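Examining the three-dimensional arrangement
Single-letter residue listing:
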Amino acid sequence: MTENKDVWVYSEKPALQAELIACARQLTSHTGGQAIAVVLGPRSLAEQTLRQGAQRVIWLGELASGRLVEDLVPTLAAGVQAKTPFGLIIGATIRGRAVAGRLAARLGVAALADVLEFQWDGPALLARHMVFGGGAVRIDRPLASPVIATVGQGIFEASALQAQPNGEIETLPWVEPPWQAAVIERRSRAVSSVNLSAAKRVVCPGRGVARQEDLSMIEELAQALSAEMACTRPLAEGLGWLPRERYIGISGAMVKPDLYIGVGVSGQAQHTIGMSESRVVVAINKDRHAPLVSQSDYAVEGDLYQVVPALIRALKARKA
Ligand SMILES: Cc1cc2nc3c(=O)[nH]c(=O)nc-3n(C[C@H](O)[C@H](O)[C@H](O)COP(=O)(O)OP(=O)(O)OC[C@H]3O[C@@H](n4cnc5c(N)ncnc54)[C@H](O)[C@@H]3O)c2cc1C
């Protein structure tokens, strides 16, 4: 496929879409094309996306009820074949990953998963991205076109909203998917509105916390530090003690706070990939050989049930 120089982005999450637009603008400052956002939703969302910095929006209208986000793949594939963008960056959500995989398969190219950084080697694009479930990072040079990649939340920083955007909104004809999957039931779950990616301080309990009720002690520490409460994946997905939006890691949030405190966190790669860009890392762990201890700037070796109350007392005494 002979490509032009534009970079398209798509995410069903508007906050992530804004970050992908920043990513596309970074890439197009090199390719010389435009950052173009694909929007599935109301017209107001397409207008908001222009304010987020997209130079053009491809608006596909609203998804009909009972349909899946993945249903946009044939439309995207036809659009990509007709307009031949340089690349398409998709938000690394559950839905986004499904879209990227299906789209890449349709177009006969590879999809780069979980990109952390794009670099240029002359005219050649290089992508530093996570592999083996976050266990390693690899640099790939995509050879086929278009470049299809997924990027998670917190990797790129969204620009400030523009008051007077001058981009245009265009449409693409909808291509009906050949598959018949349909939504038959929706169940809502409690969604937390936390934006961990923007947090300056994060307190992160792990499985070292023995009981759900003990989280109130960790919450008290977070409050004393004016920090956001995060967690490791087992606390959110296995135990269900905290909402899924609060876990950090390859399949969760990426954070870059000034201060990260891991409380009873072992520091497995799938978790640390999400917090490795923290400025100061503190580990509280009774095991001095826990991987997070060797990756921390300060480590407190001890039982969190003694260390955390002592820390809270000290912080309160300083404020008094
Ligand atoms: C494909 C895949 C994706 C994954 N994605 C993620 C992800 O995005 N995010 C994520 O977090 N995980 C993820 N995981 C899981 C990850 O591999 C680890 O299992 C998980 O991060 C471990 O969580 P933890 O540190 O809370 O628990 P553990 O590994 O069980 O560690 C508990 C720690 O607490 C310490 N401890 C115990 N009691 C105390 C005490 N009283 N005082 C002080 N310290 C104590 C222990 O010494 C230990 O170091 C993923 C796994 C896979 C396979």
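Residues numbered from 1 in each chain as written. Predicted model: local features only at pLDDT ≥ 70, side-chain atom pairs only at ≥ 80, totals over all residues. Heavy atoms only, no water.

**Remarks on the packing of aromatic side chains**
Tallied over the full model, the rule gives 1 aromatic pair. Look at F86 and W120: their rings are 6.0 Å apart centre to centre, the planes differ by 35°, and that puts the pair in the tilted class. With F86 in the loop between α3 (73-83) and β4 (87-91) and W120 in strand β6 (residues 115-121), this pair connects stretches of sequence that are 34 residues apart. For F86, a relative accessible area of 13% gives the class buried. Residue W120 is classed as partly exposed on the basis of its relative accessible area, which comes to 25%. Residue placement shows R102 over the ring face of W179; its charged tip is 5.2 Å from the ring centre. (Phe/Tyr/Trp six-rings, centres within 6.5 Å; stacked < 30°, edge-to-face > 60°. Helix = DSSP H or I, 4+ residues; strand = E, 2+ residues; numbered from the N terminus. Buried < 20%, exposed > 50% of the residue type's maximum accessible area, 1.4 Å probe, protein only. Lys NZ or Arg CZ within 6 Å of the ring centre and 35° of its normal.)

**What to know about the domain arrangement of the protein chain**
By domain assignment, the protein chain separates into domain 1 (7-171) and domain 2 (196-319). Listed as interface residues are 12 residues of domain 1 and, on the opposing side, 8 residues of domain 2. The junction of domain 1 with domain 2 conceals about 830 Å² of combined surface from both sides, 59% of it contributed by carbon and sulfur atoms. At the boundary of domain 1 with domain 2, the tally comes to 0 salt bridges. Taken together, the connections running from domain 1 to domain 2 amount to 2 residue pairs in polar contact (both at pLDDT 80 or more). Among the residues making up the side of domain 1 that touches domain 2, the classes are represented as 5 nonpolar, 5 polar and 2 charged. (Domains from an automatic or database assignment. Contact = heavy atoms within 4.5 Å. Buried area = accessible area lost by both parts, 1.4 Å probe. Salt bridge = Lys/Arg side-chain N within 4 Å of Asp/Glu carboxyl O. Polar contact = N/O pair within 3.5 Å; in protein donor to acceptor, adjacent residues only side chain to side chain. Nonpolar A, V, L, I, M, F, W, Y, C, P; charged D, E, K, R; others polar.)

**As for the pairing of strand β13 (residues 259-263)**
β13 sits mainly inside the fold: 5 of its 5 residues count as buried. Residues of β13 alternate between two faces, with L259, I261 and V263 on one and Y260 and G262 on the opposite face, all of them buried. Of the strand pairs in this sheet, strand β11 (residues 201-205) and β13 are connected by 5 bridges, and their pairing is parallel. Bridge pairing in β13 places V203 opposite I261. Across 5 bridges, the pairing between β13 and strand β14 (residues 280-285) is parallel. Bridge pairing in β14 places V263 opposite I284. (Pairing = 2+ DSSP bridges.)

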